[in-house]
Amino acid sequence: QVQLVESGGGLVQPGGSLRLSCAASGSIFSVGIMRWYRRAPGNQRELVATIGSAGNTNYVDSVKGRFTISRDNAKNTVYLQMNSLKPEDTAVYYCNADLIRSLSDSLKNYWGQGTQVTVSS
């Protein structure tokens, strides 16, 4: 069984920083694209950042220049460094990944349980 486990959320003042981590565990053969989503109260889920297995990245415009997505393929872990945080970044952040569990498996999509990020003074 595969699990994605996020950590690193919390309460931070505007202008502060947080680093989210998401580790994929279990029987894993290969990890493809990894993503961070967020959902703020009353809003739809939003794709924040993606990173391919080769390290290519994409960001939603609202976080460009402030957030950095990275990954450690040896650890099957993706990170989201969030700097210059704003109150509008307050949301539950979810990790998402495409991965293959074994040679006989097909590519499937998995979600973490989410971690709360609150930006407030």
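What this report covers is the structure whose coordinates are included nearby. Not measured: the values here are computed from a predicted model.

## Focus on the packing of aromatic side chains
Applying the stated rule across the entire model yields 2 aromatic pairs. Taken together, a centroid distance of 6.5 Å and an interplanar angle of 80 degrees make the contact between Tyr-94 and Trp-111 edge-to-face. Taken together, the positions of Tyr-94 in strand β9 (residues 91–100) and Trp-111 in strand β10 (residues 108–111) put the pair 17 residues apart, joining distant regions of the chain. Cluster of aromatic residues (ring-pair linked, three or more members): Tyr-37, Tyr-94 and Trp-111. Cation over ring: Arg-19 sits above Tyr-79, and NZ or CZ is 4.0 Å from the ring centre.

## Regarding the nonpolar core
One finds Trp-36, Phe-67, Val-78, Leu-80, Met-82 and Tyr-93 to be the most contacted residues of the largest nonpolar core, which totals 29 residues. Elements that contribute at least two residues to this core include exactly β3 (18–25), β4 (30–39), β5 (46–51), β7 (67–72), β8 (77–82), β9 and β11 (115–119). By residue number, the principal contributor to this core is β9, which donates 5 residues.

## Here we look at the side chain of Arg-66
Among the secondary structure elements, Arg-66 is positioned in the loop between β6 (57–59) and β7. Looking at Arg-66, its side chain comes within polar contact range of the main-chain oxygen of Ser-84, at 3.0 Å. Beyond its immediate stretch of four places on either side in the chain, Arg-66 contacts Gln-81, Met-82, Asn-83, Ser-84, Leu-85, Lys-86 and Asp-89.

## Some remarks on the environment of Thr-57
Structurally, the position occupied by Thr-57 is in strand β6. As a C-alpha pair, Thr-57 and Val-2 span 55 residues in sequence and 24 Å in three-dimensional space. Among residues more than four places away in sequence, those in contact with Thr-57 are Thr-50, Ile-51 and Ile-69.

## Quick look at the environment of Gly-16
Relative to the assigned elements, Gly-16 resides in the loop between β2 (10–12) and β3. Once the C-alpha coordinates of Gly-16 and Ser-84 are considered, the two residues, 68 residues apart in sequence, prove to be 5.5 Å apart. Gly-16 has contacts with Met-82, Asn-83, Ser-84 and Leu-85, leaving out every residue within four places of it along the chain.

## A look at unusual backbone geometry
Non-glycine residue Asn-76 carries a positive phi angle of around 50 degrees. Within the fold, Asn-76 resides in the loop between β7 and β8. Even without glycine at this site, Ser-84 takes up a positive phi of about 50 degrees. In this structure, Ser-84 sits in the loop between β8 and β9. On the basis of relative accessibility, which here comes to 41%, the residue Ser-84 falls in the partly exposed class.

Procedures and definitions
Residues numbered from 1 in each chain as written. Predicted model: local features only at pLDDT ≥ 70, side-chain atom pairs only at ≥ 80, totals over all residues. Heavy atoms only, no water. Phe/Tyr/Trp six-rings, centres within 6.5 Å; stacked < 30°, edge-to-face > 60°. Helix = DSSP H or I, 4+ residues; strand = E, 2+ residues; numbered from the N terminus. Lys NZ or Arg CZ within 6 Å of the ring centre and 35° of its normal. Core = buried A, V, L, I, M, F, W, Y, C linked by side-chain atoms within 4.5 Å. Buried < 20%, exposed > 50% of the residue type's maximum accessible area, 1.4 Å probe, protein only. Polar contact = N/O pair within 3.5 Å; in protein donor to acceptor, adjacent residues only side chain to side chain. Contact = heavy atoms within 4.5 Å.

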